[in-house]
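Single-letter residue listing:
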Amino acid sequence: MSIENLLKIVPPPAEPFEAFEGPWEPVESDLGTRLPEDYKAFARLYGSGYFMEFLGICVPVTANPNVRLAPFARSASENFRGYISLGDDVSYPVWPQAGGLLAFGGTDNGDYLFWLTEGAPEAWQVVVWARDIQEFQVLDCNLTGFLAGLASGDILPEDFPDDMLPCDLLFQPNSLFPIPTEDAG
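Trainee: Where do I start with the overall build of the chain in this structure?
Mentor: What the chain contains, in helices and strands, is five helices and seven strands. When the elements of the chain are put in sequence order from the N terminus, they spell out α-α-α-β-β-α-β-β-β-β-α-β. A buried classification covers 53% of the 185 residues belonging to the chain. Accessible area for the chain stands at about 8,400 Å²; split by element, carbon and sulfur atoms hold 48% of it.

See below:
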């Protein structure tokens, strides 16, 4: 699914906050991987912000260090590698391992949002790690398909609130959205 479906359901802001136009090479070099084209379009059209008054997606460059993609991904990976070293079942390899989980956002509840980096970036699926039940849910969609599905009510991950819709503000541009910062366990 491309970003066009998201644009129909959640129009981007007229003036996105800290939208990222590129260049993408330094960002991808820092992460050691190419990123999906729908994410690049999202960062350009929506910028930093808060979806459905519940979740945020990290952007490559922002004044708020807590919502920058690369540092956030590193922090999440360190947390989850720590659980693996303690013998906890993480179910998937963790970025930067090939096919590993690469964190790109989070929710008010402390849930993590990941890409499962198997195959080409355009094939990456969204994985939600639900803090309350400490389980992974793999969704058969890309980032913008996930956001469009949430906003339309077609997708509701297991541990997300049942009352997310109707929502008065589907997207609010800013850099103050919640991102999990505590240990994931």
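Trainee: Even after reading the chapter, I still don't get the pairing of strand S4 (residues 112–116), so can you show me in this structure?
Mentor: Two faces belong to every sheet, and in a regular strand the side chains alternate between them. Judged by how many residues are buried, S4 sits mostly within the fold: five of five residues are covered. A two-sided burial pattern is seen for S4, the buried positions comprising Tyr112, Phe114 and Leu116 on one face and Leu113 and Trp115 on the other. Where strand S3 (residues 101–107) and S4 come together, five bridges link them in antiparallel fashion. The residue bridging alanine 103 from the neighbouring strand is phenylalanine 114, located in S4. Linkage of S3 to S4, two consecutive antiparallel strands, is achieved through a turn of four residues, within which glycine 110 is found at a positive phi near 85°. Summarising the sheet, S4 and strand S5 (residues 125–130) pair through five bridges and their orientation is antiparallel. Of the residues in S5, the one forming a bridge with phenylalanine 114 is valine 127.

Trainee: What is the right way to look at the packing of aromatic side chains in this model?
Mentor: Given two aromatic rings, one states the distance between the centres and the angle between the planes to describe the pair. On inspection of all chains with the given rule, the structure shows 16 aromatic pairs. Relative to phenylalanine 171, the ring of tyrosine 46 lies with its centre 5.3 Å away and its plane at 85°, an arrangement referred to as edge-to-face. Residue tyrosine 46 is located in the loop between helix H3 (37–45) and strand S1 (49–51), and its partner phenylalanine 171 is located in strand S7 (residues 171–173); the two are separated by 125 residues in the primary sequence. Cluster of aromatic residues (ring-pair linked, three or more members): Phe20, Trp24, Tyr39, Phe104, Trp115 and Trp124.

Trainee: Would you mind going over the sheet that holds S4 with me for this structure?
Mentor: Pairing between the strands of a sheet is mediated by backbone hydrogen bonds and can be parallel or antiparallel. Sheet architecture is open: seven strands sit in the order S6-S5-S4-S3-S2-S1-S7, paired in antiparallel fashion. The open sheet terminates on both sides in strands that have one partner only, identified here as strand S6 (135–139) and S7. On average, each strand axis in the sheet is tilted by 30° relative to the strand beside it, whichever way the strands run. Its contacts with the sheet place helix H5 (residues 143–152) against S1, strand S2 (55–57), S3, S4, S5 and S6, and it is angled at close to 160° to S2.

Trainee: What am I meant to see in the nonpolar core here?
Mentor: A general tendency of soluble globular proteins is for nonpolar side chains to be buried together. Ranked by size, the top nonpolar core spans 55 residues in total, and within it Leu35 and Phe146 carry the most contacts. Look past the residues within four positions of leucine 35 in its chain and what remains in contact with it is Trp24, Val27, Glu28, Lys40, Leu69, Leu102, Trp115, Pro121, Glu122 and Trp124.

What counts, and at which threshold
- Residues numbered from 1 in each chain as written.
- Predicted model: local features only at pLDDT ≥ 70, side-chain atom pairs only at ≥ 80, totals over all residues.
- Heavy atoms only, no water.
- Helix = DSSP H or I, 4+ residues; strand = E, 2+ residues; numbered from the N terminus.
- Buried < 20%, exposed > 50% of the residue type's maximum accessible area, 1.4 Å probe, protein only.
- Areas by Shrake-Rupley, 256 points an atom, 1.4 Å probe, with all protein chains shown as cover.
- Pairing = 2+ DSSP bridges.
- Phe/Tyr/Trp six-rings, centres within 6.5 Å; stacked < 30°, edge-to-face > 60°.
- Axes fitted to C-alpha atoms, helices over the stretch in contact; angles between N-to-C directions.
- Contact = heavy atoms within 4.5 Å.
- Core = buried A, V, L, I, M, F, W, Y, C linked by side-chain atoms within 4.5 Å.

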